[in-house]
Amino acid sequence: MFEHIERVPGDAILGLIEAFKKDTNPQKVDLGVGVYRDENGTTPVMRAVKEAEARLLKNETTKTYIGSHGAPEYGKAVLPMVLGASSPVLEANRASATQSPGGTGALRLAADFIAAQLPDKGIWVSDPTWPNHLGIFSAAGIKLQKYPYVDADNRLDFDGMLAAIKQIPQGDVVVLHACCHNPTGFDLSQQQWQTVLDVVRERQLLPLIDFAYQGFGAGLDEDAYGVRLMAEQLDEVIITSSCSKNFGIYCERTGCLIMVAKDAEQMENVRSQVAIVARENYSNPPAHGGSIVSEILHDPELTAMWREELTEMRDRINTLRRDFVEALKPYGLAEKYACVAEQQGMFSYTGLTPEQVDRLRDEFGIYMVRSGRANVAGFSHANLPYLAKAIAAVND
Ligand code: LMR
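Owing to the predicted nature of the structure, the values given are computational and were not obtained by experimental measurement. (Residues numbered from 1 in each chain as written. Predicted model: local features only at pLDDT ≥ 70, side-chain atom pairs only at ≥ 80, totals over all residues. Heavy atoms only, no water.)

Chemist: Looking at this model, I keep getting lost on the pairing of strand S8 (residues 255–260). Mind explaining?
Modeler: Working note: regular strand, side chains alternate between the two faces of the sheet. The buried fraction of S8 is high, at six of six residues. Side chains of S8 alternate between two faces, with Gly255, Leu257 and Met259 and Cys256, Ile258 and Val260 buried alike. Bridge count for strand S2 (residues 95–100) against S8 is six bridges, and the pairing is antiparallel. Residue pairing across strands places Ser96 opposite Met259, the latter belonging to S8. Pairing geometry for strand S7 (residues 237–242) and S8, over six bridges, is antiparallel. Counterpart to Val237 in the pairing with S8 is Val260. (Buried < 20%, exposed > 50% of the residue type's maximum accessible area, 1.4 Å probe, protein only. Helix = DSSP H or I, 4+ residues; strand = E, 2+ residues; numbered from the N terminus. Pairing = 2+ DSSP bridges.)

Chemist: Which parts of the structure should I look at to understand a nonpolar patch on the surface?
Modeler: A cluster of nonpolar side chains, namely Met1, Phe2 and Ile5, defines an oily patch on the protein surface of about 440 Å² accessible area. On the secondary structure map, Met1 appears in the segment before helix H1 (12–22). (Patch = residues over 30% accessible without salt bridge, like charges linked within 9 Å, V, L, I, M, F, W, Y side chains within 5 Å. Areas by Shrake-Rupley, 256 points an atom, 1.4 Å probe, with all protein chains shown as cover. Salt bridge = Lys/Arg side-chain N within 4 Å of Asp/Glu carboxyl O.)

Chemist: Explain the sheet that holds S8 here, please?
Modeler: Two orientations exist for strands paired in a sheet by backbone hydrogen bonds: parallel and antiparallel. The seven strands are arranged S2-S8-S7-S6-S5-S3-S4 in an open sheet whose pairing can be described as mixed. Whereas interior strands pair on both sides, the edge strands pair on one side only; in this sheet they are S2 and strand S4 (144–148). In this sheet, adjacent strand axes meet at a mean angle of 25 degrees when their direction is disregarded. Along the sheet, helix H3 (residues 72–83) makes contact with S2, strand S6 (206–211), S7 and S8, crossing S8 at roughly 70 degrees. Contacts from helix H10 (residues 264–281) reach S2 and S8 within the one sheet, and its direction differs from that of S2 by about 15 degrees. (Axes fitted to C-alpha atoms, helices over the stretch in contact; angles between N-to-C directions. Contact = heavy atoms within 4.5 Å.)

Chemist: I tried to follow unusual backbone geometry on my own but got confused; where do I start?
Modeler: Generally, phi is negative for residues other than glycine and the peptide bonds are trans, each holding for most cases. Note the cis peptide between Asp127 and Pro128, where omega equals 10 degrees. Tracing the backbone shows Pro128 in the loop between strand S3 (123–127) and helix H6 (131–139). At the junction of Asn182 and Pro183, the peptide bond is cis and its omega measures out at 25 degrees in the coordinates. Residues other than glycine seldom take positive phi values, yet Asn93 does so here, at roughly 55 degrees. Within the fold, Asn93 resides in the loop between helix H4 (88–91) and S2. Unusually for a residue other than glycine, Arg253 sits at a positive phi of about 50 degrees.

Here you go:
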């Protein structure tokens, strides 16, 4: 039965983890998968998370199922984080939260929901986008198309994006990145969000906003600008939120699918369908990550501790972005890579070509995605001189 099955290459991003581990170069640098790293290159457990876990261990009384929508307390914590504490959407009871196995799980729920409930609708993603978007939406059987996002000079192509979105057939789904665009790091300004909103409204499109990096751009509330604008101004929006990065709980698989509907009645209808999609995929989500988030966000002291740690991570990344460009100055390359200091979040579309990326890996033990995407959190003040030297070498 299995004789005809061909071996396929593994996932390009996750494959970098293994390749990096095997490399014996003592100066190797991992700029691959999107996880936060500190100055020592490690991904520590946040202090607020450790404290929440200690409390959970002490107080947990059962490990019974938590239901297809997950723990209600988790939903109650995530909704205001994403939509704002005094959101009119929450006041009107228009938003439903479904705990999911990571942001990826939320995307898959959204994809299956669209395939089942809006079967004739296509989906539009930015070019480039997170490669797994392509896999997830295609696997759900949705027709996938792309709108431009970056121009030939490695800048945000807002005009191109807008022109393409204006042509999207009425009722189709348009995927937007709330902040920290993966893979480019180019985000929309508030003015640009407003313009996109006008087009989405006029074309009657359904926005699906991927919100995987809340807190890594300009701040928890600042990063939510586009999400809140769309949710407040439109009848229907789909939001996929992740706690993997901002709580540093990657392996706990903690995300949330938020469905915003016209009113409470329609929200409950939609919610009932999402429960079925979750049930058919994995039944109930894993509980632990959601319990951590809930413990933190329902406790002012832990919330304050967590916010402080998140700010430290964000500030560190922003400092490294500027210092990276500074480190390239002696090589006359500061201008060429100035975009790195202008982009936001964990990723930078550096403009390095696939051939240059290959050379960085083979000759210097520097690992990044072949598209030229670097995880900026992998920079450190210790490795910046080495990185700058290597980049200068592959620019020769
Ligand atoms: C990334 O893009 O590196 C992260 O979102 C991790 C992943 O699953 O690809």
